[in-house]
Amino acid sequence: MDAIERLVEEKLGRGVQDLVPREELVAKLRRSKETGKPLRVKLGIDPSAPHLTFGHSVPLRKMRQFQDLGHTGVLVVGDFTRRIGDPSGRASTRALMSEAEIERNMATYKDQAFKILDPVRTEVVYNSTWLGAMTFADVIQLTAKYTVARMLERDDFAKRYAENRSISVLEFLYPLAQAYDSVAIRADVELGGADQLFNLLVGRDIQREYGQEPQVALTVPLLVGLDGERAMSQSTGNYVGIGESPKEMYGKLLSIPDTLIESYFDVLTDVDVESLKKEIHDSPRDAKRRLARTLVTKFHSAAEASAAEAEFDRIHVLHERPADVPQKTLDRSKLKGDGAIWVIDLLLASGLVKSRGEAKRVIEQGGVRVNEERIESSDVDVPFHPPVLVQVGKRAFVELV
RNA sequence: GGAGGGGUACCGAAGUGGCCAAACGGGGCGGACUGUAAAUCCGUUGGCGAUGCCUACGGGGGUUCAAAUCCCUCCCCCUCCA
């Protein structure tokens, strides 16, 4: 085994779901080393989601590994494909987005992605550049290069076809468009989540049809979300965002089921998992805290990680008020003659409840505290001597002044 | 072109004249428990200072003392045959 084979074995091939074909990656790396020409490593990104989650960070980290070896990361923004909808999800086509919206999303996206990627070795391109320029004849030519039977190999299509559920022709075009992106940017490697394997493979065939050397398809496992069940995604809400505050990030990570600790270390950090197995097993609490600290440190700083940890303990372990509570100014017209205020109005003013009904409900359920005193009845007035600390549930605080 | 099925709350789904602010599940929220914002269990889940009123079962119109439920009409979605 030579150095390059070892590299693929020990680094690039680690934490990977599929790598096909492995030998081609070795060959490409070898040639790149000889010629000094960096490989072009593609990752398609969806411009509809401005916020990246830890799930996105998995392929991004893989791209960074390539960049650290001198290769070029190419982020392909799917601003054009966005308009035809992604068949991998539900069958519904998503709404169109304006260019301005896409631009705005991409700005925050890049901001977050560059916390992981090396900006110097990253190209950001928009697939409308080439897809938008194609004529109908070009499209027909593209469709001629793939067959219906091969499309139906895709599990999702096969199932729906067998069940007599609809598959629009448009959905067949999606993998082709994505494949053509690979042609347009001359991709050597395409990265993606495990659910993208089919699309990446179509890319190989289409590149070959256009006289290019096929890309290597490298997929990473889909990160399981905070609920420990479904893949992490923004639509299910079981995610941690790369751009989230230290406090949120820390808290969310501590809420993952213990069974996820090991895999999170594995795909999200550079920590050697082997050395942690004992701790994970013997003291999941400490391992999880270490995980949260490691990740907050990575995306923020060590100091902020410590602060987030201290804050978490303060609220959840010691049940004390958080260090800084958002303040709101009370509209004085709600005050009664004696300077007191009806609790319901106080809660409403805090913005912690949406309606009087909800306010009454949380009071009945014993979830409301004013100045750390539990409120037992919704039929009381409290004297208003600002600041007044209002708490709903365990972790929602507002100070009224 | 023909035949049929369907649009119900945040989502899925039941309900086919009054007992329906609408079963049940998911989600959300609160509580208990906990190392945890996990798991589990319990409760709760349209609005209104409220034994009543308002809004709500795709849109509009109608029948009725009473409509998510019946009639008319419009819009939208899906399936099968061609």
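Residues numbered from 1 in each chain as written. Chains lettered and ligands numbered in written order. Predicted model: local features only at pLDDT ≥ 70, side-chain atom pairs only at ≥ 80, totals over all residues. Heavy atoms only, no water.

Trainee: Please explain the sheet that holds strand E2 (residues 40-45) as it appears in this structure.
Mentor: Read across the sheet, six strands follow the order E1-E6-E5-E2-E3-E4 without closing on themselves; strand pairing throughout is mixed. One side of each edge strand has no neighbouring strand; the edge strands of this open sheet are strand E1 (18-20) and strand E4 (122-126). This sheet shows a mean twist of 20° between the axes of neighbouring strands, independent of strand direction. Judged from the five bridges that link them, strand E5 (residues 189-193) and strand E6 (residues 216-220) form a sheet pairing that is parallel. Paired with Val-189 across the strands is Val-216, a residue of E6. (Pairing = 2+ DSSP bridges. Helix = DSSP H or I, 4+ residues; strand = E, 2+ residues; numbered from the N terminus. Axes fitted to C-alpha atoms, helices over the stretch in contact; angles between N-to-C directions.)

Trainee: So what exactly am I meant to see when it comes to the packing of helix H1 (residues 3-12) against helix H2 (residues 22-35) here?
Mentor: Two quantities define a packed helix pair, namely the angle between the axes and the distance from one axis to the other. Their axes nearest at 9 Å, the elements H1 and H2 cross at an angle of 120°. The orientation of H1 with respect to H2, classified from their angle, is oblique. For the pair H1 and H2, the crossing hand works out as right-handed. Here Ile-4, Glu-5, Leu-7, Val-8, Glu-9 and Leu-12 of H1 come into contact with H2, specifically with Arg-22, Leu-25, Val-26, Leu-29, Arg-30 and Lys-33. For the contact of H1 with H2, the class distribution of residues is seven nonpolar, no polar and five charged. (Parallel < 35°, antiparallel > 145°, perpendicular 65-115°, else oblique. Left-handed = near helix turned anticlockwise from the far one by under 90°. Contact = heavy atoms within 4.5 Å. Nonpolar A, V, L, I, M, F, W, Y, C, P; charged D, E, K, R; others polar.)

Trainee: How should helix H11 (residues 246-254) be read in this particular structure?
Mentor: Structural remark: α-helix, 3.6 residues per turn; residues separated by three or four positions point the same way. With seven of its nine residues buried, H11 lies for the most part within the structure. Considered for burial, the residues of H11 that qualify are Pro-246, Met-249, Tyr-250, Gly-251, Lys-252, Leu-253 and Leu-254. Check the buried side of H11 and you find it contacts helix H3 (54-68), helix H12 (261-268), helix H14 (284-299) and helix H15 (302-317). (Buried < 20%, exposed > 50% of the residue type's maximum accessible area, 1.4 Å probe, protein only.)

Trainee: Honestly, the domain arrangement of chain A in this entry has me stumped. Any pointers?
Mentor: Quite often, the size of an interface is put as the accessible area lost when its parts meet. According to the domain assignment, chain A contains domain 1 (3-220), domain 2 (246-316) and domain 3 (327-400). Spacing between the C-alpha centres of domain 2 and domain 3 amounts to 34 Å. (Domains from an automatic or database assignment.)

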